[in-house]
Amino acid sequence: MTQYVYRFGGGVSDGGKGDKNLLGGKGANLAEMASIGLPVPPGFTISTPMCAVYYDEGAAFPDSLKTEVANGIAHIESITGKKFGDATDPLLVSVRSGARASMPGMMDTVLNLGLNDETVVGLANASGDERFAWDSYRRFIQMYSDVVLELDHGAFEEALEVAKEDKGYYLDTEMSAADWKALVDTYKTLVVEQWDKPFPQDVHDQLWGAVGAVFGSWQSERAKVYRRLNDIPAEWGTAVNVQAMVFGNMGETSATGVAFTRDPSKGDNAYYGEFLINAQGEDVVAGIRTPQYLTKAAREEANAKPLSMEEALPEVYTQLAGVFDTLEKHYRDMQDIEFTVQQGKLWMLQTRSGKRTAKAALKIAVDMANEGLITREEAIARVDPAALDQLLHPTLDPAAPRDVLTKGLPASPGAASGKVVFDADTAEKRAAAGEAVILVRTETSPEDIHGMHAARGILTARGGMTSHAAVVARGMGRPCVSGAGTLSIDAKAKVMRCAGREVNEGDIITIDGASGEVMIGEVPTVQPELAGDFGTLMEWADGVRRLKVRANAETPLDARTAREFGAEGIGLCRTEHMFFDAARITAVRQMILAEDEKGRRAALDKLLPEQRSDFIELFEVMAGLPVTIRLLDPPLHEFLPHEEEEFAEVAAAAGVDVDYLKRRAAELHEFNPMLGHRGCRLGVTYPEIYEMQARAIFEAAVAVAEKSGDAPIPEVMIPLVATRRELELMKNVVDQAAKAVFADKGREISYFVGTMIELPRAALKAGEIAEVGQFFSFGTNDLTQTALGVSRDDAARFLGIYVDQGIYPKDPFVSLDVEGVGELIRIAAERGRATRPDIKLGICGEHGGDPASIAFCEEVGLDYVSASPYRVPIARLAAAQAALGSKAG
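What counts and what doesn't
Residues numbered from 1 in each chain as written. Predicted model: local features only at pLDDT ≥ 70, side-chain atom pairs only at ≥ 80, totals over all residues. Heavy atoms only, no water. 1 Å grid on protein atoms, 1.4 Å probe; cavity = no way out; pocket = protein on both sides within 12 Å on 5 of 7 lines; lining within 4 Å. Points joined across faces, edges and corners; volume = space filled by probe spheres on them. Nonpolar A, V, L, I, M, F, W, Y, C, P; charged D, E, K, R; others polar. Buried < 20%, exposed > 50% of the residue type's maximum accessible area, 1.4 Å probe, protein only. Helix = DSSP H or I, 4+ residues; strand = E, 2+ residues; numbered from the N terminus. Pairing = 2+ DSSP bridges. Axes fitted to C-alpha atoms, helices over the stretch in contact; angles between N-to-C directions. Contact = heavy atoms within 4.5 Å. Salt bridge = Lys/Arg side-chain N within 4 Å of Asp/Glu carboxyl O. Core = buried A, V, L, I, M, F, W, Y, C linked by side-chain atoms within 4.5 Å. Parallel < 35°, antiparallel > 145°, perpendicular 65-115°, else oblique. Left-handed = near helix turned anticlockwise from the far one by under 90°. Phe/Tyr/Trp six-rings, centres within 6.5 Å; stacked < 30°, edge-to-face > 60°. Patch = residues over 30% accessible without salt bridge, like charges linked within 9 Å, V, L, I, M, F, W, Y side chains within 5 Å. Areas by Shrake-Rupley, 256 points an atom, 1.4 Å probe, with all protein chains shown as cover. Expected span 1.5 Å × (residues − 1). Right-handed = clockwise from strand over helix to strand, strands pointing away.

## Here's the deal with empty space enclosed by the protein
1) Next: Overall, the coordinates contain four cavities of 30 Å³ or more when judged by the stated rule.
2) Next: The computed volume of the largest cavity comes to approximately 100 Å³.
3) Next: The wall of the largest cavity is formed by 13 residues, among which R96, M245, V246, T340 and L349 lie closest to the centre.
4) Next: Considering only residue class, the lining of the largest cavity consists of six nonpolar, six polar and one charged.

## Regarding the pairing of strand β3 (residues 43-46)
1) Next: Residues G43 and T45 line one face of β3 and the alternating positions F44 and I46 line the opposite face, and both faces are buried.
2) Next: Examined bridge by bridge, strand β1 (residues 5-9) and β3 share four bridges and lie antiparallel to one another. Across the sheet, the residue bridging to R7 is F44, located in β3.
3) Next: The sheet contact formed by β3 and strand β8 (residues 238-244) spans four bridges and is antiparallel. Along β8, the bridge assignment pairs I46 with V240.

## So, the sheet that holds strand β27 (residues 548-552)
1) Next: Taken in spatial order, the eight strands close into a barrel running β27-β28-β29-β30-β31-β32-β33-β34, and their pairing is parallel. For this sheet, the mean inter-axis angle between neighbouring strands, taken without regard to orientation, is 25°.
2) Next: Against the sheet, helix α33 (residues 821-835) makes contact with β32 (775-778) and β33 (840-843), and its axis sits at roughly 175° relative to β32, the strand it touches most.

## Some details on the sheet that holds β3
1) Next: Spatially, β2-β1-β3-β8-β6-β7 is the arrangement adopted by the six strands of the open sheet, whose pairing is antiparallel. In this open sheet, the two strands that pair with only one neighbour each are β2 (12-13) and β7 (109-113).
2) Next: Along the sheet, helix α3 (residues 63-80) contacts β1, β2, β3, β6 (93-99) and β8; its crossing angle with β3, the most-contacted strand, is approximately 160°.

## Some remarks on the environment of R430
1) Next: Mapped onto the secondary structure, R430 falls in helix α16 (residues 424-432).
2) Next: Ignoring anything within four residues of it in the chain, the contact list for R430 reads K419, V421, E435, V437 and G506.

## A few points about the pattern of salt bridges
If the charged atoms of two oppositely charged side chains come close together, the side chains can form a pair.
1) Next: This model, assessed by the stated rule, comprises 56 salt bridges.
2) Next: Among the ionic pairs, D782 bridges to R678, the shortest N-O distance being 2.8 Å. Of this pair, D782 sits in helix α31 (residues 780-788) while R678 sits in the loop between α25 (658-667) and α26 (680-685), placing them 104 residues apart in sequence. Comparing D782 with R678 shows no difference in burial state: the two are buried.
3) Next: In this structure, R826 engages E823 in a salt bridge whose closest nitrogen and oxygen atoms are separated by 3.9 Å. Within this pair, R826 and its partner E823 are both found in helix α33, separated by three residues, close to a single helical turn.
4) Next: For R826, a relative accessible area of 24% puts it in the partly exposed group.
5) Next: The class of E823 is partly exposed, set by a relative accessible area of 38%.

## Digging into the nonpolar core
1) Next: Among the nonpolar cores identified, the biggest contains 130 residues, and F698 and I718 are the most heavily contacted of them.
2) Next: Top element by residues in this core is helix α27 (residues 687-708). It accounts for 12 residues.
3) Next: Not counting residues within four places of it along the chain, the set of residues in contact with F698 comprises V716, V734, A737, A738, V741, F742 and Y751.
4) Next: One finds I46, V95, M143 and A473 within the second-largest nonpolar core, a separate group that totals 89 residues.

## With respect to the side chain of D179
1) Next: Tracing the sequence through the fold places D179 in helix α7 (residues 177-195).
2) Next: Among the residues examined, D179 registers a relative accessible area of 9% and is labelled buried.
3) Next: Sequence-distant contacts of D179, defined by excluding residues within four places in its chain, comprise K167, Y169 and E174.

## A look at unusual backbone geometry
1) Next: Phi at A59 is positive, roughly 60°, even though this residue is not glycine.
2) Next: Position of A59 among the secondary structure elements: in the loop between α2 (49-56) and α3.

## Considering the side chain of D172
1) Next: The topology assignment puts D172 in the loop between α6 (153-167) and α7.
2) Next: When near neighbours in sequence (up to four residues on either side) are disregarded, D172 contacts R131, R138, L160, K164 and W180.

## Quick word on the packing of helix α14 (residues 358-371) against helix α19 (residues 533-544)
Helix packing for two helices is described by the angle between their axes and how far apart those axes are.
1) Next: Close contact between α14 and α19 brings their axes to 9 Å; oriented N to C, the two are set at 65°. Of the possible angle classes, the one that applies to α14 and α19 is roughly perpendicular. Here α14 runs over α19; the crossing is left-handed. Two secondary-structure elements touch here, α14 through L362, K363, V366, A369 and N370 and α19 through D533, F534, T536, L537 and W540.

## Points about the packing of aromatic side chains
1) Next: This structure, assessed with the given rule, holds 19 aromatic pairs.
2) Next: Ring geometry for Y54 versus Y55: centroids 5.4 Å apart, planes at 80°, classification edge-to-face.
3) Next: Aromatic pair F156 and Y187: ring centres 5.0 Å apart, planes at 70°, arrangement edge-to-face. With a gap of 31 residues between them, F156 in helix α6 and Y187 in helix α7 connect regions that are remote in the sequence.
4) Next: Residue F156 is classed as buried on the basis of its relative accessible area of 1%.
5) Next: Among the aromatic side chains, those forming a connected cluster through ring pairs are Y54, Y55, F61, W208 and F215.

## A look at the environment of A762
1) Next: The topology assignment puts A762 in helix α29 (residues 760-764).
2) Next: On the basis of relative accessible area, A762 is assigned to the buried category, the value being 0%.
3) Next: Placed 62 residues apart in sequence, A762 and L824 show a C-alpha to C-alpha distance of 9.3 Å.
4) Next: Among residues more than four places away in sequence, those in contact with A762 are V721, A722, I757 and I769.

## Some points on a nonpolar patch on the surface
1) Next: Judged by side-chain polarity, F798, Y802 and I807 come together as a nonpolar surface patch covering roughly 250 Å² of accessible area.
2) Next: Tracing the chain through its elements places I807 in the loop between α32 (796-804) and α33.

## Re α3
1) Next: Its 18 residues place the ends of α3 26 Å apart at the C-alpha level, agreeing with the 26 Å of an ideal helix rising 1.5 Å per residue.
2) Next: Following α3 by one or two positions, G81 adopts a phi angle in the positive range, close to 75°.

## Notes on the pairing of strand β18 (residues 437-441)
Two faces make up the sheet, and in a regular strand the side chains alternate between them.
1) Next: Of all five residues that make up β18, four are buried, and the element is covered over most of its length.
2) Next: Taken together, the three bridges between strand β17 (residues 415-421) and β18 define a ladder with parallel strand orientation. Counted as the bridge partner of V421 is L439 from β18.
3) Next: A crossover connection joins β17 to the parallel β18 through α16; in handedness this β-α-β unit is right-handed.
4) Next: In the sheet, β18 pairs with strand β19 (residues 457-460) via four bridges, with the strands oriented parallel. Bridge pairing in β19 links V440 to L459.

This is a description of form; function is not addressed.
What follows is the structure in structure tokens.
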């Protein structure tokens, strides 16, 4: 019989940190902490395979599980000396989720389970604290009604606020035992009104309801969105952890907190966290109360008055600091820890590798390698390449004037400006329309995940630096300011007020997640400094990667940016982008609309000096490095004139009348221009176009070589080739132009002619094509379109559904379809090498900056990847990780 329940605590650990796939991260780490002697309340984990069984059985559990769970409860009872459901001294438990990948706040939790009208009296008597018992009961009813019964959470919140207002209270802690008792009655009435049944009194029914709700939350909308954003497979499922309750709400010697062994925002080697005296865990994480600092230094730096844990509970703090060091050394990574202090005794409720910003990830990885805690190779593997994006974009200009509205907590670094929106749906809608938005909430909840992802930044009035908003924002790389307590937010009226000022939805604000400042209007930014830890890790990465990294660039600015980010050449220069310039578009249109070669050459003569100048600028930036130039590949419709004014300009330049040009434009109309007269088809029909471009390339290369003494290495790429003969014809045009220029200038330089593999036929006939081509560059944007028969421009309306339905694991235009398009690349590489063993192979679509696609390029043995300039560092790190992965494999 399959075992589904694994115990921990009291000297028993049925699992450990290596069992993350089976027990989820939380369950595995609870068992591991218990096994190394840390104070962990006893409990058990229902393993992740049961999640699949639960769904397969139609949201039901097999009888065998009920027996195992009963044994798990008996295990907790034997260690605590309390009985589940006992009216005199009841055992209470928490029921929490725990997937193998951390998903903070995305799934459900139930605390204080086991309370009912009888056991609450037993708890009051056993603890000697009636207020604590009734506070715990109202919390349980509120949480269970929300999570398990799915009743209106807002109604319970409103009842609590009304109860406080009636008494003239501001804080929950001012409520007395009698107040809580009265609120419990109100809550039970609400349950009957909304559920048509009384609140469940049988503790076993409560337990199974909670276990089912946690498994059920795996398929909640917020969990699905989070999984999609973080590439977490749906089939992994979640585990459920049932654990003896320990109470942080038993008076002034009790507390609860969340802490990180290092600063998750900046990466400093200093304890970072928050705690609340006389509170339970959800108070800190949900941002319901703004918590206090963990350390005295952090409190003083923030100029905060409430005592830090180091000052308020010095003995427990010292013990906690020892646990931090033990856990960081044991796991060899920065840990995110949840703890509770019950009447002076410390209990550990969770540890996991902490979510961190890209800046912190870099610093922590480099510091730990320098401390000898991990190796350099491990440091390289620790940093998510995609997260580097956070570091490669601007921050606020320190010299720019700022109209500061208020200041909150610096919860996630970076700066963002945008229009204020007050709900997640509006944020998503406006962002989809191309607007920059800042999501403003009193506090965020897991339901806001889609809006947080769409927003440029997040601002909350409540919650600390370990609240849901802060943790999720850091994981996403979004700037976040939390706990801006002076803000009064009226989400219904779509307005926020502060210090006598009003900000309405649609008004622009700027937030600085590094300082916590909130400013009216847009504040200018400055470019990032990529030195220090970034430079160190990149140097280590460059030392282990095999793949070269080039950039897609056609302007000197892009080329310089790429070089600054470490590009080793240009892998794709799209020459058609150079022709959209207002000063030359008329000559381009004249060339396209010309009826004969003479007319085309007249227009091309105007373009030649412009093209030569373009290439000189690129070659100067990339002197001594390879530059792959794709000859003209425009869908013609993009260049044709449409407005009367545009026709008039071309007519004047060509010396013909407008009606003639309109007739000619109509003749050139195409029904499917993406598969029409473009790429090498243009060169075959009008070879003079490619001849002009080739002349411009070689004249520019010779000029730069003579000027600098460092010759560029032009790689002339013929686009959209499907046959050997097409490439043969076009290579002949390029070779003839090179010969003419070299004879004219009295100097030769080495160059290569190759092709872009972007059609399935070209991939299949790569062996023949390699007889002519000296290099292949896989144009994966078009290769994906032509292999899948899907238009990239039109796919957005259905590809999301395809990913949700498991048809594709990811959007194939974002991450390479390894099984289909990848197979074509593999075939082309093998057949091309069989013909020409030294053929150079690269990839230049958007996939060149995608870490998963880069891992495939390493596996197939390509020579280089080419990415947009800002993704070059991402590609460098991903290439290093791919090399380490293939070595390990």
